[in-house]
Amino acid sequence: MTLADLRIKIEQHTAQIAVIGLGYVGLPVAALFAEQGYSVIGVDIKSERAQRINQGVSPIEGKEPGLAELIGRVIRQGSLQATDEYAKINACDVILVDVETPVNSAHIPEYQALRSALKSLGGVLKKGALVVIESTIMPGTMQNIALPILEENSKGKCGVDFYLGNCPERVMPGKLLQNLTSMSRVVGGDTPETAAVMQALYRQIVQADVDTADWITAELVKTMENTYRDVQIAFANEMALICEALGADVWRVRELVRKSPGREMLLPGAGVGGHCIPKDPWLLASSVKGLDVKVRLIPAAREINSGMPGHMLSLLKGRLNDLQGKRILILGYAYLEDSDDTRDAPSQYFLRALEAEGAIGVVHDPFVAEYAGDVYSKAQGCHAAVLMTAHSEYRTIDFHQLKQAMQHALIIDGRNLWDKHAANSAGFDVVRLGDFSL
Ligand code: SAJ
């Protein structure tokens, strides 16, 4: 099959599509192509996950508007089926790869899942098929890892026997379907002709720009956009530390800085968590390891942001000094407000540091089942309340009721959620991150 043949099948919706990895990226994208009338086969090594999907049940946690209904619909229509067997995708014309790409403790991606998926795919790859890697990868991965693994295992040649592209995902928990259909995408092809066919494919589900590029450009866009955000947040955090040292209020300073055009200063906070922002800067930095370029800003920003949970501990110790045996209420365990996603959450690091000081962390989070419940009951006997995640529920907390429950009226606000004076008037001593103004 030539690229021209493939393009026709894509435009006629007769192309058979496979999606490898049915997680929070792969499953929604499989369902969206199935909804467009394509026959889609999802592959996941977790057979119980495949079974649940075949029963029309979404295994994706958290509130994802429209996703469960969409999965149920396309399963009932028979346009989506899930399996744990790679053999079932040997007739597919397009294969999307959505497996995880974590980094190790040295911040290097080892790609176990990606290597295994591409090795298995290579063994069943149909001649003339298009393979698109959607996972976030280190720039250079397409050329140095994906290409050789696929050529070796398919015994074919890229650009002759199969085509290979990179289309980085841009999803966010809580808005998976909305993001997949409304955010622009970059499609990097082994050749401009491949990129053009990828553009035709993604235009079937994306109502935003689909921009063509080469591999390295597509790889750089995704890792760079998240590194940009990490550096921006680190700037805000360092400004908070400066304001504390100078006895100023970073929140007031930030408000006035933002009045200057082009100064969209982001928010200081108790830390930076999630599945993308803490990881992607390391993917970008690793791409130039050993090359003649000094990467200083990226690791420095990572050091500032990953140091924020520790800074929250120092704010606490500044008031309680000895934490041994103290009960500390931790408000928020998810990494993001009004989300149940706890991946790489700052609260995990804060809790560990707290326990290392001999304190007892009492965690509350309305979105995380094991920590949900009545916040005032959790506050019973606590010596301080530390706000780590700005869940909306906390905005309207009753300071008087909270004070009654607690043994000591101390609040550390890591997200500028509360009006300091309201908490003061309820009798609380309030320490707000970045605000040492009198
Ligand atoms: N955070 C701050 N200060 C800020 C913004 C965020 O401390 O000003 C913290 C959050 O509390 C959280 C972490 O950073 O712990 C990440 O927050 P995020 O708003 O960046 O949310 P994510 O992790 O879901 O990032 C996603 C990314 N989207 C994709 O990878 C497709 C990112 O590129 C988006 O910019 C971001 O959502 C977004 O704009 O919401």
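Keep in mind it's a predicted model, so treat the numbers as computed, not measured.

*Asks:* Got a minute to help me understand the pairing of strand 10 (residues 360–364) in this structure?
*Replies:* Remember that side chains alternate between the two faces of the sheet whenever the strand is regular. Alignment of strand 9 (residues 327–331) against strand 10, held across 5 bridges, turns out to be parallel. Its bridge partner lying in strand 10, leucine 331 is registered against histidine 364. Between strand 9 and its parallel partner strand 10, the chain crosses via helix 14 (residues 346–356), and the hand of that crossover is right-handed.

*Asks:* In this structure, what is going on with the nonpolar core? I would like to understand it.
*Replies:* Within soluble globular proteins, side chains that are nonpolar generally end up buried alongside one another. Ile10, Phe33, Val40, Leu80, Leu96 and Tyr202 are the most contacted members of the largest nonpolar core, which has 46 residues in total. Broken down by element, this core gets its largest block of residues, 7 residues, from helix 2 (residues 26–35). With residues near it in sequence (within four places) discarded, isoleucine 10 still touches Ala15, Tyr38, Val94, Val197, Ala200, Leu201 and Gln204. One finds Val43, Val97, Tyr111 and Ile137 within the second-largest nonpolar core, a separate group that totals 33 residues.

*Asks:* Just to check I follow, could you spell out the site of the ligand for this structure?
*Replies:* Residues in close proximity to the ligand total 17 residues, the closest being Asn226, Arg229, Leu267, Gly273 and Tyr335. Contact between the ligand and arginine 229: an oxygen atom at 2.6 Å from a side-chain N or O atom of the residue. Arginine 415 places a polar side-chain atom, nitrogen or oxygen, 3.3 Å from an oxygen atom of the ligand. Domain assignment of the residues forming the shell around the ligand places at least three in each of domain 1 (3–215) and domain 2 (223–438).

*Asks:* Explain the domain arrangement of the chain here, please?
*Replies:* The parts lose accessible area when they come together, and the size of an interface is often stated as this lost area. Under the domain assignment, the chain is made up of domain 1 (3–215) and domain 2 (223–438). Centre-to-centre separation of domain 1 and domain 2, based on C-alpha positions: 36 Å. Counting the surface lost from both domain 1 and domain 2, the interface buries some 1,400 Å², and carbon and sulfur atoms represent 63% of this. Run the count over domain 1 and domain 2 and you get 1 salt bridge. Across the pair glutamate 225 and arginine 170 runs a salt bridge whose closest N-O atoms are separated by 2.6 Å. The tally of links from domain 1 across to domain 2 stands at 4 residue pairs in polar contact (both at pLDDT 80 or more). Of the residues contributing to the side of domain 1 that touches domain 2, the split by class is 11 nonpolar, 4 polar and 3 charged.

*Asks:* Could you clarify how one ought to interpret unusual backbone geometry in this entry?
*Replies:* Most peptide bonds take the trans form, and the phi angle of most residues other than glycine is negative. Here lysine 155, not a glycine, exhibits a phi torsion of approximately 55°, which is positive. Examined against the element boundaries, lysine 155 turns out to sit in the loop between helix 6 (141–154) and strand 6 (162–166). Owing to a relative accessible area of 73%, lysine 155 belongs among the exposed residues under this scheme. Its identity is not glycine, yet aspartate 344 carries a phi of approximately 55°, on the positive side. Counting through the fold element by element, aspartate 344 comes out in the loop between strand 9 and helix 14.

Parameters and conventions
Residues numbered from 1 in each chain as written. Predicted model: local features only at pLDDT ≥ 70, side-chain atom pairs only at ≥ 80, totals over all residues. Heavy atoms only, no water. Pairing = 2+ DSSP bridges. Helix = DSSP H or I, 4+ residues; strand = E, 2+ residues; numbered from the N terminus. Right-handed = clockwise from strand over helix to strand, strands pointing away. Core = buried A, V, L, I, M, F, W, Y, C linked by side-chain atoms within 4.5 Å. Buried < 20%, exposed > 50% of the residue type's maximum accessible area, 1.4 Å probe, protein only. Contact = heavy atoms within 4.5 Å. Near = heavy atom within 4 Å. Polar contact = N/O pair within 3.5 Å; in protein donor to acceptor, adjacent residues only side chain to side chain. Domains from an automatic or database assignment. Buried area = accessible area lost by both parts, 1.4 Å probe. Salt bridge = Lys/Arg side-chain N within 4 Å of Asp/Glu carboxyl O. Nonpolar A, V, L, I, M, F, W, Y, C, P; charged D, E, K, R; others polar.

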